[in-house]
Amino acid sequence: MKKTLFLSPPSFDGFDGAAGARYQAKREITSFWYPTWLAQPAALVPGSKLVDAPAHYQTVEDVLKIAKDYELVIMYTSTPTLPNDVKCAEAIKAQNPHTEVGLLGAHAAVLPSQTLEENPVIDFVCRNEFDYTCKELAEGKPYEDIKGLSYRDKFGNIKHTEERELIHDWDSMPSVFPVYEKNLNFRNYFIGYLLHPYVSLYTGRGCPAKCTFCLWPQTIGGHQYRAKTPEAVGKEMALAKSIWGNSVREYFFDDDTFTIDKKRVIAISEHLKKLNLTWSCNARANLDYDTLKTLRDNGLRLLLVGFESGNQAVLDGVKKGIKLEVARKFMNNCNKLGIKVHGAFILGLPNESKETIEDTIRFACEVSPHTIQVSIASPYPGTELYQQAQENGWFTNGDLVASSGIQMSTLQYPNLSASEIEDAVERMYRRFYFRRRTIIPIVKEMIVDPQMLVRRLREGREFMAYLKERHTRSLVNA
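Conventions used here
- Residues numbered from 1 in each chain as written.
- Predicted model: local features only at pLDDT ≥ 70, side-chain atom pairs only at ≥ 80, totals over all residues.
- Heavy atoms only, no water.
- Phe/Tyr/Trp six-rings, centres within 6.5 Å; stacked < 30°, edge-to-face > 60°.
- Buried < 20%, exposed > 50% of the residue type's maximum accessible area, 1.4 Å probe, protein only.
- Lys NZ or Arg CZ within 6 Å of the ring centre and 35° of its normal.
- Helix = DSSP H or I, 4+ residues; strand = E, 2+ residues; numbered from the N terminus.
- Expected span 1.5 Å × (residues − 1).
- Contact = heavy atoms within 4.5 Å.
- Polar contact = N/O pair within 3.5 Å; in protein donor to acceptor, adjacent residues only side chain to side chain.
- Pairing = 2+ DSSP bridges.
- Axes fitted to C-alpha atoms, helices over the stretch in contact; angles between N-to-C directions.
- Disulfide = S-S within 2.5 Å.

A.B. asks: Run through the packing of aromatic side chains, naming residues and quoting values.
C.D. replies: Going through the model one piece at a time under the given rule, you end up with 24 aromatic pairs. Ring geometry for F432 versus Y433: centroids 5.1 Å apart, planes at 90°, classification edge-to-face. Grouping residues by exposure puts F432 and Y433 together as buried. Among the aromatic residues, those joined into a cluster by ring pairs are W33, Y34, F177, Y180, F186, Y189, Y198, W244, Y251 and F252. Directly above the ring of Y70 sits K3, whose terminal nitrogen or CZ lies 4.9 Å from the centroid.

Right under this line is the structure:
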């Protein structure tokens, strides 16, 4: 077994590299997701090490001190971070030319030839669902015999092996919790809407929804939800309890559609109740009252919901599959039951206009989730949105992320410019958060929980600094 290092490379200040492509930009407040996409293959490779540099404030120099002891380095990359990640790979190779360095992540999986052609320092790219590809690399299996691999042979030619099948037996996948315990400081991970400290995990992959902008189902995970049984999840959460005891205040299930199988999620929640665990998860805005009540009674505290837009034509245009009246009823039920909701919105999707942006701001204020995040539509390679942008000439030829890390719009429309989309982000944040209906619940939360008081004051300073930085950048580019 080769000495293997799984690496989330250093990046710009405030960048949450582990968040995948959902939000590959500087966040409004300090936030760090767990590097689950690296931790899962690391769990398959005995003796491997996982380094999440952004969350542990590690520099390239710090990484080099660690990498010198490893034969194989597998790095997580994304569309906006690839140039920076390649620089880290170059530094590792300069230190030891014999180190094998490869990439995984949606960008590399979708564009393996381009990634290798443009970056000669990279030895290989893991395509598809890459967990067992990484395992076989660590085992020293010849490149040509490993499914789902694109690589540079000894003559410099780029080769592609056959596709690797998706993982269906998820009960056989080892838990990431021992990898977290061994390699990560769980107190370094913050998410504004989750209790601290928290731990996140996936219990499966794949999403039946067909949203045109969503990256992972269209590039790696597929549209079939493949997941662990409730019994397996129950055992895994018992393991978590044995590792962290009561130190972890909340567990977050990051599956795209964790709640899609109601019987399964209720069965899982029963295990969580027995363990006396507080938990949150992703959900679509269509769960019924009875299901929500059962989950709440079994420890559910918060739902992360992708509302995306407050305009039905925009939602239909991206195949969201949710009606606004259903989302309103869902929010009403959550409010009745005391379930907090973190609402995710996207500005700049197809069919967007000044009027539809206003619809979204009004809708967010109307349904009033506890907190929100506002992203700019990101057309990642491999998505239907990317293909639409190419076919319709929507690209601005700009970058997804500025050098400062602030997300920019690479899309523009005949009736809506990129700068208008970017300016609307700040406007929506201000309109939503500077209201009594939003401020009062947050203040009550701070009064009850001293830790939350400290966090919210810090987050408030960071949030205002973020808005100022975005506003300054908009003025410079005007």
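Picking up where we left off.
A.B. asks: Which residues make up helix α14 (residues 354-367), and what values go with them?
C.D. replies: With 14 residues, α14 extends 20 Å between its outermost C-alpha atoms, agreeing within 8% with the 20 Å of an ideal straight helix rising 1.5 Å per residue. Turning to α14, its buried residues are T356, I357, T360, I361, F363, A364, C365 and V367. Those residues of α14 that are buried are in contact with β13 (300-308), α12 (312-317), α13 (324-337), β14 (340-347), α16 (418-433) and α17 (436-448). Remark: S368 follows α14 within two positions and exhibits a positive phi of approximately 50°.

A.B. asks: Give a detailed account of the environment of K135, specifying residues and quantitative values.
C.D. replies: On the secondary structure map, K135 appears in helix α6 (residues 131-138). As a C-alpha pair, K135 and Y380 span 245 residues in sequence and 27 Å in three-dimensional space. Residues within four places of K135 in sequence aside, it is in contact with L44 and V45. Within the structure, the side chain of K135 is placed 2.6 Å from the side chain of E139, a separation counted as a polar contact.

A.B. asks: With reference to specific residues and values, describe the sheet that holds β13.
C.D. replies: Pairing in this open sheet of six strands is parallel, and the strands run β8-β11-β12-β13-β14-β15 from one edge to the other. At either margin of the open sheet sits one strand with a lone partner, and together these are β8 (198-201) and β15 (371-376). Shown here is a sheet whose adjacent strand axes are inclined to one another by a mean of 20°, direction ignored.

A.B. asks: Talk me through the sheet that holds strand β5 (residues 124-126); I want residue IDs and the actual numbers.
C.D. replies: The seven strands lie next to each other as β2-β1-β3-β4-β5-β6-β7, forming an open sheet whose pairing is mixed. Looking at the sheet topology across the chains shown, the edges are occupied by β2 (49-52) and β7 (158-160). When strand polarity is set aside, the average angle formed by the axes of neighbouring strands in this sheet is 20°. As paired elements, strand β1 (residues 4-8) and strand β3 (residues 72-76) share four bridges and run parallel to each other.

A.B. asks: Give me the side chain of E100: which residues, what numbers.
C.D. replies: Note that E100 resides in strand β4 (residues 100-104). Under the relative-accessibility criterion, E100 is labelled buried at 16%. A polar atom in the side chain of E100 sits 2.5 Å from the side chain of Y143. With sequence-adjacent residues up to four places away left out, E100 is seen in contact with K2, E71, L72, V73, K93, D123, F124 and Y143.

A.B. asks: How would you sum up the state of the cysteines? Please name residues and give values.
C.D. replies: Counted under the stated rule, the structure contains zero disulfides. Free cysteine: C207, not disulfide-bonded; nearest cysteine sulfur from C214 at 6.1 Å. The class of C207 is buried, set by a relative accessible area of 8%. Here C334 is not cross-linked by a disulfide; its sulfur's nearest cysteine counterpart is in C281, at 10 Å.

A.B. asks: Could you give an account of the pairing of β8, naming the residues involved and the relevant values?
C.D. replies: By the alternation rule, side chains of β8 split into Y198 and S200 and V199 and L201, which are all buried. Here four bridges tie β8 to strand β11 (residues 250-253), and the two strands are oriented parallel to one another. Considered in β11, the bridge of Y198 is made with E250.

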